[in-house]
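Breakdown of the fold
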Amino acid sequence: PVGSRFQIGEAELEMTQIGKECHSHCAIYQTMGDCIMPREGVFAEVRKPGHIRVGDEVILLPEDPERPLTAAVITLSDKGAAGQREDKSGPVIVEELQKAGYKVIETLLLPDDVTKIKAQLIRLSDQRQVNLILTTGGTGFAPRDITPEVTLSVAERNAPGIAEAMRYHSLTITPRGMLSRGVSVLRGKTLIVNLPGSPKAVKENLEYILPSLAHGIRLAAGLDGECARK
């Protein structure tokens, strides 16, 4: 899985992604009629540099017990993606995640587009296998607010308690908290949570849910509980 560490020759690497979308068929596909890159192509980050030579053994290293949980942040805004509005919520999320000990591996700014949002949620869950995806924006009643529907379309399991808890907490601050349509779901071992669009609401919600979130994420990843890996 992503996060695995291994040694080849003098180098130490960490798996960062499995599979990659084939945008244009390469020479291999033209010759063979198929390409394994979307299914089996693997990518790694060099953690310790060194020479790799033909014939070197690939050695799987023990799991790092200090490895932090990983996260990705997606800001959803037509105006933000068009450069007409500054993204203020995304940086707030990154700051709160880092304060809580998460490693933020990607930040994205996308328009309210079903195809683009769905593709990134699937890629981050299946290929990058991040532990947590937080979205901000697109959870209201406006016609272009489609984040909850797209999130549900990629879900494999529901995790409604998180979204319900955020609405409960928001209602203690403003009656308009009832207007949030955000959802929380699981895809594989990745938890996806929709946050509101305003920086103030983002901070308030994260301060409320983050202290309890890590345990659930580690359970989903098989890191805590009876199914924890030794």
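Here the structure is shown first, and the text comes after it.
Scope of this entry: the structure provided in the associated data block. Computed from a prediction, not measured in an experiment: that's the story for all the values here. (Residues numbered from 1 in each chain as written. Predicted model: local features only at pLDDT ≥ 70, side-chain atom pairs only at ≥ 80, totals over all residues. Heavy atoms only, no water.)

**Looking at the nonpolar core**
Rule in force here: For this analysis, a nonpolar core means a set of buried residues of the types Ala, Val, Leu, Ile, Met, Phe, Trp, Tyr and Cys, connected via side-chain atoms within 4.5 Å. Three labels apply to residues, based on accessible area from a 1.4 Å probe with only protein chains included: buried if under 20% of the type maximum, exposed if over 50%, partly exposed otherwise in between. What counts as a helix is a DSSP run of H or I of at least four residues, what counts as a strand is a run of E of at least two, and both are numbered from the N terminus. Working rule for contacts: check all heavy atoms of both residues, and any pair within 4.5 Å makes them a contact.
Grouped together as the largest cluster of nonpolar side chains are 26 residues, with contacts concentrated most on Leu97, Tyr102, Leu132, Leu191 and Leu213. Within the residue set of this core, elements represented by two or more residues are strand S5 (70–76), helix H4 (89–99), strand S7 (132–136), helix H7 (160–171), strand S10 (190–195) and helix H8 (199–220). Among the elements that make up this core, the one with the highest residue count is H8 (seven residues). Those residues in contact with leucine 97 that sit more than four places away from it in its chain are Ala71, Val73, Tyr102, Val104, Leu132, Leu134 and Leu210. Counting residues in each nonpolar core, the second largest holds 15 residues, with Leu76, Leu110, Ile133 and Val183 among its members.

**Details of the sheet that holds S10**
Going by this rule: Any two strands with at least two DSSP-identified bridges between them are counted as paired. Only the stretch in contact is used when a helix axis is fitted, and all axes are lines through C-alpha atoms; the angle between N-to-C directions ranges over 0 to 180 degrees.
The six strands are arranged S6-S5-S7-S10-S9-S8 in an open sheet whose pairing can be described as mixed. The sheet is open, and its two edges are formed by strand S6 (103–110) and strand S8 (157–158), each paired on a single side. Bridge analysis of strand S9 (residues 184–187) against S10 gives four bridges, and the strand direction is antiparallel. Looking across to S10, one finds that leucine 186 is bridged to leucine 191. Against the sheet, helix H5 (residues 114–127) makes contact with S5, S6, S7, S9 and S10, and its axis sits at roughly 170° relative to S6, the strand it touches most. The strands touched by H8 are S7, S9 and S10; relative to S10, the strand with the most contacts, the crossing angle is about 170°.

**Quick notes on the side chain of threonine 190**
Stated precisely, the cut-off is as follows: Each polar contact in these results corresponds to two N or O atoms within 3.5 Å; when the atoms are within protein, one needs to be able to donate a hydrogen and the other to accept it, and residues that are neighboring in sequence are counted only if both atoms are side-chain atoms.
Here threonine 190 lies in strand S10. Here valine 130 takes part through its backbone oxygen, which lies 2.6 Å from a polar atom of the side chain of threonine 190. Contacts of threonine 190, omitting those with residues within four sequence positions, involve Ser125, Gln129, Val130, Asn131, Leu132, Ile133 and Val185.

**A few points about the packing of H4 against H8**
Condition: In these notes the angle categories are as follows: under 35 degrees is roughly parallel, over 145 is roughly antiparallel, 65 to 115 is roughly perpendicular, and the rest is oblique. Take the far helix as your reference; a near helix turned counterclockwise from it by less than a right angle gives a left-handed crossing, and one turned clockwise gives a right-handed crossing. All residues other than Ala, Val, Leu, Ile, Met, Phe, Trp, Tyr, Cys, Pro, Asp, Glu, Lys and Arg, Gly among them, are scored as polar; the first ten of these are nonpolar and the last four charged.
Interaxial distance between H4 and H8 falls to 9 Å at its minimum, and their mutual angle equals 20°. Relative to H8, the element H4 is oriented roughly parallel. The handedness of the crossing between H4 and H8 is right-handed. Contact with H4, carried on its side by Ser89, Val92, Ile93, Glu96, Leu97 and Lys99, involves Pro199, Val202, Lys203, Leu206, Glu207 and Leu210 of H8 and no other residues of that element. Taken together, the residues of the contact of H4 with H8 break down into seven nonpolar, one polar and four charged.

**Comments concerning a nonpolar patch on the surface**
Heads up, the rule is: Patch definition: residues above 30% relative accessible area lacking any salt bridge, with like charges linked at up to 9 Å and the nonpolar side chains Val, Leu, Ile, Met, Phe, Trp and Tyr linked at up to 5 Å. Accessible areas in this description were obtained via Shrake-Rupley with a 1.4 Å probe; residue shielding takes into account the shown protein chains only. We define a salt bridge as a contact between a side-chain nitrogen of Lys or Arg and a carboxyl oxygen of Asp or Glu at a distance within 4 Å.
Together, Phe141, Leu171, Met178 and Leu179 give the surface a local cluster of nonpolar side chains, amounting to about 430 Å² of exposed area. Relative to the helices and strands, leucine 179 resides in the loop between H7 and S9. Taking the relative accessible area as the measure of exposure, leucine 179 reaches 40% and is therefore partly exposed.

**Some points on the pairing of strand S2 (residues 11–18)**
The element S2 is largely enclosed, with a buried count of seven among its eight residues. In this sheet, S2 lies alongside strand S1 (residues 5–8) in antiparallel orientation, the contact comprising four bridges. Bridging from a neighbouring strand, isoleucine 8 pairs with alanine 11 of S2. Taking the residues between adjacent antiparallel strands as the criterion, S1 and S2 are bridged by two residues, where glycine 9 takes a positive phi near 60°. Two elements, S2 and strand S3 (residues 42–48), share six bridges in a ladder whose sense is antiparallel. The residue of S3 that forms the bridge with leucine 13 is valine 46.

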